[in-house]
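# Coordinates in review
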Number of protein chains: 4
Amino acid sequence: MTTRQPFAMAPDLRVSQWFNTEEELSLKKLRGKVVVMEAFQMLCPGCVTHGLPQVKSVFETFSPEQVAVIGLHTVFEHHAAMTPTSLKAFLFEYRFDFPVAVDEAGDNGMPKTMEAYQMRGTPSLILIDTSGRLRAQYFGQVQDLRLGYEIASLLTEARA
Amino acid sequence: MTTRQPFAMAPDLRVSQWFNTEEELSLKKLRGKVVVMEAFQMLCPGCVTHGLPQVKSVFETFSPEQVAVIGLHTVFEHHAAMTPTSLKAFLFEYRFDFPVAVDEAGDNGMPKTMEAYQMRGTPSLILIDTSGRLRAQYFGQVQDLRLGYEIASLLTEARA
Amino acid sequence: MTTRQPFAMAPDLRVSQWFNTEEELSLKKLRGKVVVMEAFQMLCPGCVTHGLPQVKSVFETFSPEQVAVIGLHTVFEHHAAMTPTSLKAFLFEYRFDFPVAVDEAGDNGMPKTMEAYQMRGTPSLILIDTSGRLRAQYFGQVQDLRLGYEIASLLTEARA
Amino acid sequence: MTTRQPFAMAPDLRVSQWFNTEEELSLKKLRGKVVVMEAFQMLCPGCVTHGLPQVKSVFETFSPEQVAVIGLHTVFEHHAAMTPTSLKAFLFEYRFDFPVAVDEAGDNGMPKTMEAYQMRGTPSLILIDTSGRLRAQYFGQVQDLRLGYEIASLLTEARA
């Protein structure tokens, strides 16, 4: 690709609570790294069996200096069933130990970050480049082969 | 086996709430059927990936006239995270549509049915014969091949 | 079931060579045991990924005094590719160590036992009761739960 | 990485027969593409269940203009069991439709390409860059995530 596409900046995260991190994160703080963000709900089977284990694997495979992994708990249904209290136990029992943010509740039941990214549902996988631009957003299952390819592409373009 | 072993009666179920059934069930009402009971916690990964899909498969494979499947939600940790409200959404999202009982809370955090059966944890799989006697109790994963074998053994001995 | 159904005797095995057994087997010699026979081809993907591992599991789960497992290599296509020499290496590399018979070549490319049982293809799973009668014949994949159930049913009816 | 490492050229392929390609391939002809080569034996379980499906997925995921996939049948044991005749049926039955080369027989039972690359066994996965240099060689299982990453790294460095 020789033409430069004008990629939009990724919307800021709107977060009410963080797990698995001592300091609050933000996309601005993560500049310089590729960000792999998994938007999920703890009671979404496709998230539990595929999406979350996949980003856990990303978290364990790549250097945290180069690739940041974030889980984003985007509850848009069964709100009373998926509270931060339940989420905390879920993350512990499944050994998901990468940073996880609770998406801030919105007025219409749809959380604010989810709305800003216009996500269609969960799981959604989002890739943000080292300059903070939104580069890919997938709804549903993404192949590991494809994800590894895209992470490397974003890292190597940053070095060039 | 030519000698008759004196099997004990299975302890009664102590239930605070039922899902997926119009009438409250009891072991007494289920006499005449083999009962396959899965004790689980909704945030126990081994229950979600193996135990519950296995009894869902039992529920779909065998005649409800012959084999009764019961899920028993035996919460002994993270109580605030696994309330009946969360359980209801969990059962719906995972399409677990066999009858599920909430084990009655005990004084020490251990629910009453779990205590009566002296279960070691979740998942636990329990087999009760057509006369209401406790015939097998497993902690952890059980092979489908073995489970199918045991269900048939209990059914055919009842016919004999 | 109180009525006795007139099940036909299972056709004899027509075998040109045996692997994994010191003595040649026959259905007559196996009377008194439930026989689980897997008709397969070593280059049939469904046999390699499902059928053969399943009967290997049967072989390891049940007592050889009660349940006999036989693999039957029914080559009806690619004959030059699936010779006994290739089969021997295949059984060794995959650690399939139950007795395996090579079905005797027929005149029309279809081996003789396969023809006698009128099998539709591979994998085919065949169940023979303790009296040598053909009780079930499946083409394609069979659930472990169902197979365990049927093995127990044939064993317990024999005891009755 | 700012220093340039002196990577050796990948040894030429020594091939006695090709499948799934009209013209004979060579590393020289494939310059300009990243080459993903899977050394396998058709009776090696790890190759059949993991390695070959993985490169089939690479073949289906990436553009043939950018990434070339080659299977290399490196028979070093059970030679009589894994002839080209058997291989041809194997490739057909498993629907492995990328180009496959038969490694030329050597004097000591070890085929010549396998010897030139000093492979330890099968499956071995080999990555060759667009200039024909040997960049990675793995014995055993490689994660999809890692493989996708490495393919992209080799492609993007070529563009730089």
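The preceding data block contains the structure.
Residue positions are given per chain, counting from 1 as you read along its sequence in written order. Naming scheme: in the order in which they are written, chains are lettered from A and ligands are numbered from 1. It should be noted that, the model being predicted, local features are given only for residues of pLDDT at least 70 and side-chain atom pairs only at 80 or more, the latter also being counted only at that level, while totals for whole chains, interfaces and linings use all residues. To get the side-chain values, take all heavy atoms of the structure and skip hydrogens and water.

## Comments concerning the overall build of chain A
What counts, and what does not: The helix count covers DSSP runs of H or I at least four residues long, the strand count covers runs of E at least two residues long, and both are numbered beginning at the N terminus. In this treatment the radius of gyration is a C-alpha quantity, and the globule benchmark scales as 2.2 Å times the residue count to the 0.38 power. For every residue, the accessible area obtained with a 1.4 Å probe (protein chains only) is divided by the maximum for its type, and the residue is called buried under 20%, exposed over 50%, and partly exposed between those limits. For this analysis, residues touch if any pair of their heavy atoms sits within 4.5 Å. Reported accessibility uses the Shrake-Rupley method at a 1.4 Å probe radius. Residues are deemed covered only where the shown protein chains occlude them. Here the positive residues are Lys and Arg and the negative ones are Asp and Glu; neither His nor the chain ends is included. Here the site of a charge means atom NZ of a Lys, CZ of an Arg, CG of an Asp or CD of a Glu.
For chain A, the count of helices and strands is 4 helices and 6 strands. Along chain A, from the amino end to the carboxyl end, the secondary structure elements read β-β-α-β-α-β-α-β-β-α. At 15 Å, chain A has a C-alpha radius of gyration in line with the 15 Å of a compact globule built from 160 residues. Summarising its shape, the C-alpha atoms of chain A cover approximately 50 × 30 × 30 Å along the three principal directions. Here chain A holds 160 residues, and 52% of them are scored as buried. Sequence separation of 24 or more characterises 72% of the internal contacts of chain A that already satisfy a separation of 6 or more. Accessible surface computed for chain A: about 7500 Å², of which carbon and sulfur atoms make up 49%. Of the charged side chains in chain A, 15 are positive and 18 negative; the average position of the first set lies 6 Å away from that of the second.

## Focus: the sheet that holds strand E2 (residues 34-40) of chain A
Residue and element names in this part refer to chain A. The condition that has to hold: Pairing between two strands requires that DSSP report at least two bridges joining them. An axis is simply a line fitted to the C-alpha atoms; with a helix, the fit covers only the stretch in contact. Between two such axes, the angle follows the N-to-C directions and lies from 0 to 180 degrees.
Spatial ordering of the open sheet is given by E1-E4-E3-E2-E5-E6, a layout of 6 strands whose pairing is mixed. Edge positions in the sheet fall to strand E1 (15-19) and strand E6 (134-139), since each has one partner strand and no second. Across the sheet, the mean angle from the axis of one strand to that of its neighbour is 20 degrees, orientation sign disregarded. Two strands pair when backbone bridges link them, and strand E3 (residues 67-73) and strand E4 (residues 100-103) are joined in this way by 3 bridges, in the parallel orientation. Looking across to E4, one finds that Leu72 is bridged to Ala101. Across the face of the sheet, helix H2 (residues 84-93) comes into contact with E1, E2, E3 and E4 while running at roughly 25 degrees to E1.

## A look at the relation of the copies chain C and chain D
Note: a rotation about an axis with an accompanying shift along it relates these two copies of the chain. Applied cut-off: What sets the superposition is a least-squares fit of C-alpha atoms, and only residues with pLDDT of at least 70 in both copies go into it.
Between chain C and chain D, which share one sequence, the superposing operator has a rotation angle of 180 degrees and an axial displacement of 0.0 Å; the RMSD is 0.0 Å. Accordingly, the operation relating the two chain copies is best matched by a two-fold axis. With an isologous cut-off of 70% or more, the 100% of interface residues of chain C that recur at the interface of chain D puts this contact in the isologous class.

## Some details on empty space enclosed by the protein
Rolled over the atoms, a probe sized like a water molecule indicates the empty space that remains. Residue and element names in this part refer to chain D. Convention followed: Note on definitions: the grid is 1 Å and covers protein atoms alone; a cavity is a set of points where a 1.4 Å probe fits but cannot get out; a pocket is an open set with protein on both sides within 12 Å along at least five of seven lines; lining residues have an atom within 4 Å of a point. Grid points are joined across faces, edges and corners, and a volume is the space filled by probe spheres set on the points. When residues are sorted by character, Ala, Val, Leu, Ile, Met, Phe, Trp, Tyr, Cys and Pro go into the nonpolar class, Asp, Glu, Lys and Arg into the charged class, and all the rest, Gly among them, into the polar class.
Following the criterion strictly, the structure yields 6 cavities of 30 Å³ or more and no others. Here the largest cavity is characterised by a volume of approximately 60 Å³. The set of elements that each furnish at least two residues to the lining of the largest cavity consists of helix H1 (45-61) and strand E5 (124-128). With 3 residues, the single largest contributor to the lining of the largest cavity is H1. Residue composition of the lining of the largest cavity, by class: 3 nonpolar, 6 polar and 1 charged.

## A few points about the interface of chain B and chain C
To keep things clear, this is the line we draw: Defined here as a combined quantity, buried area equals the accessible surface (1.4 Å probe) lost by two parts on assembly, summed across both. In the sections that follow, a salt bridge refers to a side-chain nitrogen of Lys or Arg positioned within 4 Å of a carboxyl oxygen of Asp or Glu. Distance and chemistry together define a polar contact, namely a pair of N or O atoms within 3.5 Å, with one atom able to donate a hydrogen and the other to accept it when in protein, and with adjacent residues in sequence counting only for side-chain atoms on both sides.
On the chain C side, the residues contacting the 18 residues of chain B number 19 residues. Three residues, Thr61(B), Leu145(B) and Tyr149(B), lead the burial of chain B against chain C; their summed loss comes to 41% of the area buried on that side. Counting across the interface, chain B meets chain C through 0 salt bridges. For the pair chain B and chain C, the number of links is 7 residue pairs in polar contact (both at pLDDT 80 or more). Mapped onto the side of chain B that touches chain C, the elements with two or more residues apiece are helix H1 (45-61) and helix H4 (144-159) of chain B. Of all the elements, H4(B) adds the most residues to the side of chain B that touches chain C, at 12 residues. Classifying every residue of the side of chain B that touches chain C gives 8 nonpolar, 7 polar and 3 charged.

## Here we look at the sheet that holds strand E4 (residues 100-103) of chain B
Residues and elements named next belong to chain B. Strand order in the open sheet formed by 6 strands is E1-E4-E3-E2-E5-E6, and the pairing between neighbours is mixed. With one partner strand each, in any of the chains shown, strand E1 (15-19) and strand E6 (134-139) form the two edges of the open sheet. On average, adjacent strands in this sheet sit at an angle of 20 degrees to one another, irrespective of strand direction. Along the sheet face, helix H2 (residues 84-93) touches E1, strand E2 (34-40), strand E3 (67-73) and E4 and points at about 25 degrees away from the line of E1.

## Comments concerning the arrangement of the chains
Between chain A and chain C there is no contact, and the shortest C-alpha to C-alpha distance separating them is 22 Å. Looking at chain B next to chain D, you find no contact at all, with the nearest C-alpha pair sitting 22 Å apart.

## Examining the packing of helix H4 (residues 144-159) of chain A against helix H4 (residues 144-159) of chain D
Applicable threshold: The hand of a helix crossing depends on one turn: near helix anticlockwise from the far one by less than a right angle means left-handed, and clockwise means right-handed.
Direction vectors running N to C along H4(A) and H4(D) enclose 35 degrees, while the axes themselves pass 6 Å from each other. Handedness of the crossing formed by H4(A) with H4(D): right-handed. Taking contact as the criterion, the partners of Asp144(A), Leu145(A), Leu147(A), Gly148(A), Tyr149(A), Ile151(A), Ala152(A), Ser153(A), Leu155(A), Thr156(A) and Arg159(A) in H4(A) are, on H4(D), Asp144(D), Leu145(D), Leu147(D), Gly148(D), Tyr149(D), Ile151(D), Ala152(D), Ser153(D), Leu155(D), Thr156(D) and Arg159(D). For the contact of H4(A) with H4(D), the per-class residue count stands at 12 nonpolar, 6 polar and 4 charged.

## Here we look at the nonpolar core
So the rule is basically this: Definition used in this section: a nonpolar core is a set of buried Ala, Val, Leu, Ile, Met, Phe, Trp, Tyr and Cys residues joined via side-chain atoms within 4.5 Å.
Judged by nonpolar contacts, the single largest core of 152 residues is most densely connected at Phe90(A), Phe90(B), Phe90(C) and Phe90(D). The contact partners of Phe90(C), leaving out residues within four places of it in the chain, are Phe40(C), Met42(C), Val48(C), Leu52(C), Phe96(C) and Leu43(D).

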